[in-house]
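Spelled out from the first residue to the last, the chains are:
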Amino acid sequence: MSGDYLSLFRSLLGKAWLPRFQEWKQPGMAEKILIERPAARGHGDLATNLAMIAAGAVRRPPRELAAELADDARQATELAGHIETVEIAGPGFINFTLSNKSLLGAAREALAAGEGFGAGTAPKPEKILLEFVSANPTGQLHAGHARYAAYGDSLRRILSFAGHDVTTEFYINDYGSQMDLFGRSLASRYAQELGRDVPFPDKGYLGDYPVHLAMRIIAEAGDRYLEEADPELAPGAGDFFKLIGRDLVLEEMRRVLEEFRVTFDNWFSERTLHESGAVKQSLAELEKAGEMYEKDGALWLSTTRYGDDKDRVLVKENGELTYIAADIAYHRDKLSRGFDRLINIWGADHHGYVPRMKAALEALSHDSEKLEVIIGQLVNIVEMGERKQMSKRAGTMVTLSELIDSIGVDAARFFLVDRSHDSPMDLDIDKARMQSEENPVYYVQYAHARISSILRKAREAGAGADRPLDAGPRPELAVQERDLILKILEFPGAAASAAMTRGPQRLTAYARDLAAIFHVFYHNCPVIKAESATAASRLALCRLTRNVIARCLGLVGVSAPEAMQRAGD
RNA sequence: GCGCCCGUAGCUCAGCCGGAUAGAGCGUCGGCCUCCGGAGCCGAAGGCCACAGGUUCGAAUCCUGUCGGGCGCGCCA
């Protein structure tokens, strides 16, 4: 946790106050110290509400406790040099004003920490498997997938930065009745394109996409598979085509995801679980553990024993396996790979599935606490002020590819991740396109470009752009300069909070704040034009600010440009 | 009917392990470019934090209920 000044300050306070906690017989109090930035400027740089928390336990007036704590802080050798003033205010807040020297020292350390500033905040680093998107390989990725892709990939970056060992995985649902239907739809379109009438299956995959796939197959292989496409001649026609189709679809998905800056360490095929016997094996294990029973000709798993609201069928009456049978084997496989935690990102339409999956893991004597399912709310497409459901059939589907084309990767990723994953989102594609130039992402990127420009100018002028932050004495700091440093010092906390709450929007919000504070600093504090020592110090502060902005953007997969193109060009 | 999520400025949404005067972007109105990038800054208007109770010194935040919206409740995936 290098460069985390606020944590350091907290632990110094804990040390200074330890005798007082012992006197109050509240030895655990040090854990409860919460350091915040007060909302109002008159309330100092940092504040703690500890006296008010303690008042309840000690049964004494908060202001009285605050007075004692404030005295201790003023006299503590640990804090000497860090603190300018300590004041009590309101119902019992203790407000600290930090010394310029301490602030500059903190900024210097943050700069020296470089890439490591704010990294490694996880209290207990874990080996994590993060599974997301996992779309059926039967069509294109849509805006809903885009949301989960942006969210999941940001989470990968954020959790890794916090010190976790993260592996990402895309589960390919390439087995079962949907795939069969897809294969038969594709076979039919292929034959039809070649002039042979092979009937289109009932409830098959409509739309242009299977037709495009068929045409691609023709472009590559001509009519070579024509006999294969006809179920009259080849009983396994669907099987043949679904595998070709799957590969084409996956290739396309991978390409679009990469363009969206989302990559997966593993692509895991459901089919392989059936072929390797892994599904049968986990069924046998459940059977052996006495967790299964037969009813109505089907095989059931007693998930109700572990909190599910009804038992679930694993083997259907007709002998086919249900989706969850394979999913159990899949999660068993994940756990066998030695992960401390499995994080799954599922759409809200799958949330009812969580209890049965956890129950299944319990039935296999696994700790279901290891499975963390994050439910992402859905994306509504808004057109002409009207909400439409995302539907492949109704043609109201906006694809990831279209989204990238209309607003670009940066704006799309920032937009998708800027609101919390558990509130539903409206996406008006036309509005998004029109407003793309006013997207908040540019506000943050502009600050980065502006700083880059200042640093370029300084370097050209030989103004010492690379001099260390503490070059020369700097007894004075402008308020805007103090605000900027204090905001930067919040970064490790923001990154930690984003990781802990699985909330990338903490970082986009933080980045916006930081950019705003930088713009204010810029308008009030000359950098290059300041006298030499001040200029050197401010240039270093600019570098630090740029690093942090770039880091925030990088953690959500958004680029940090050295220069912005002018709007309207 | 039961379960999960959401209800905060005109719009899109942060804040939700309780804290001081509730924030941002967009939109509206008024200022600021001989000066390091005006995609910026400064100011103004705009809020019973859905509603009603409860816990607390203190509630947008925690608990209960009501209303409104989304999503589930398959031998589909």
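Above this text you will find the structure in question.
Residues numbered from 1 in each chain as written. Chains lettered and ligands numbered in written order. Predicted model: local features only at pLDDT ≥ 70, side-chain atom pairs only at ≥ 80, totals over all residues. Heavy atoms only, no water.

Participant: Looking at this structure, I do not really get the pairing of strand β6 (residues 165-172). What am I missing?
Facilitator: The side chains of a regular strand alternate between both faces of the sheet. Burial runs high along β6: 7 of the 8 residues are buried. Examined bridge by bridge, strand β5 (residues 127-131) and β6 share 5 bridges and lie parallel to one another. Note on β6: the bridge partner recorded for L130 is T168. In this fold, the crossover linking β5 to β6 by way of helix α5 (residues 143-161) has right-handed handedness. (Buried < 20%, exposed > 50% of the residue type's maximum accessible area, 1.4 Å probe, protein only. Helix = DSSP H or I, 4+ residues; strand = E, 2+ residues; numbered from the N terminus. Pairing = 2+ DSSP bridges. Right-handed = clockwise from strand over helix to strand, strands pointing away.)

Participant: Would you explain the packing of helix α12 (residues 323-336) against helix α13 (residues 354-363) in this entry?
Facilitator: A pair of packed helices is characterised by two quantities: the angle between their axes and the separation of those axes. At a minimum axis distance of 10 Å, the contact between α12 and α13 shows a crossing angle of 60°. The orientation of α12 relative to α13 falls into the category oblique. Of the two possible hands of crossing, α12 and α13 adopt the one that is right-handed. From α12, I324, D327, I328, H331 and L335 reach across to α13, where they touch R356, M357, A360 and L361. Class assignment of the residues belonging to the contact of α12 with α13 gives a composition of 6 nonpolar, 1 polar and 2 charged. (Axes fitted to C-alpha atoms, helices over the stretch in contact; angles between N-to-C directions. Parallel < 35°, antiparallel > 145°, perpendicular 65-115°, else oblique. Left-handed = near helix turned anticlockwise from the far one by under 90°. Contact = heavy atoms within 4.5 Å. Nonpolar A, V, L, I, M, F, W, Y, C, P; charged D, E, K, R; others polar.)

Participant: Could you clarify how one ought to interpret the environment of A411 in this entry?
Facilitator: Tracing the chain through its elements places A411 in helix α15 (residues 409-418). The class of A411 is buried, set by a relative accessible area of 0%. Expressed as a C-alpha distance, the spacing of A411 and P440, which sit 29 residues apart in the sequence, is 8.1 Å. The contacts of A411, once residues within four sequence positions are left out, are N439, V441 and Y442.

Participant: Would you mind going over the sheet that holds strand β2 (residues 46-48) with me for this structure?
Facilitator: Here 4 strands make up an open sheet; going across it, the order is β1-β2-β4-β3 and the pairing antiparallel. Edge positions in the sheet fall to β1 (35-36) and β3 (83-89), since each of these pairs with one other strand and no more. Sheet topology places β1 next to β2; 2 bridges connect them, and they run antiparallel. The partner of E36 across the bridge, within β2, is A47.

Participant: Explain the packing of aromatic side chains to me, please; I cannot follow it from the model alone.
Facilitator: Any two aromatic rings considered together are summarised by their centre-to-centre distance and by the angle between their planes. Applying the stated criterion across every chain, the model contains 25 aromatic pairs. Seen from their ring centres, F170 and F264 are 5.4 Å apart, and the 90° between their planes marks the pair as edge-to-face. You can see F170 sitting in strand β6 and its partner F264 sitting in the loop between α9 (237-259) and β7 (266-269), a full 94 residues away along the chain. Note on F264: relative accessible area 11%, which makes it buried. (Phe/Tyr/Trp six-rings, centres within 6.5 Å; stacked < 30°, edge-to-face > 60°.)

Participant: Help me understand the side chain of D153, please; the structure alone is not making it clear to me.
Facilitator: As for its placement among the helices and strands, D153 is situated in helix α5. Separated by 2.7 Å, the side chains of D153 and R157 make a polar contact. In contact with D153, other than residues within four places in its own chain, are F132, Y148, R261, V262, T263 and R413. (Polar contact = N/O pair within 3.5 Å; in protein donor to acceptor, adjacent residues only side chain to side chain.)

Participant: What's the story with the protein's contact with RNA strand B in this structure? I'm lost.
Facilitator: The local shell around RNA strand B holds 69 residues, among which H351, Y446, R450, K529 and Q565 are the closest. Per the 4 Å cut-off to the protein, sugar and phosphate atoms form 62% of the nearby atoms of RNA strand B. A distance of 2.9 Å is found between a base oxygen of RNA strand B and a backbone nitrogen or oxygen belonging to E317. Counting only elements with at least two residues in the surface near RNA strand B, the list comes to β4 (93-98), α6 (177-193), β9 (298-301), β15 (425-428), α17 (440-460) and α20 (505-524). Among the elements that make up the surface near RNA strand B, the one with the highest residue count is α17 (9 residues). Tallied by class, residues from the surface near RNA strand B come to 32 nonpolar, 19 polar and 18 charged. (Near = heavy atom within 4 Å.)

Any link to function would need more than the numbers given here.
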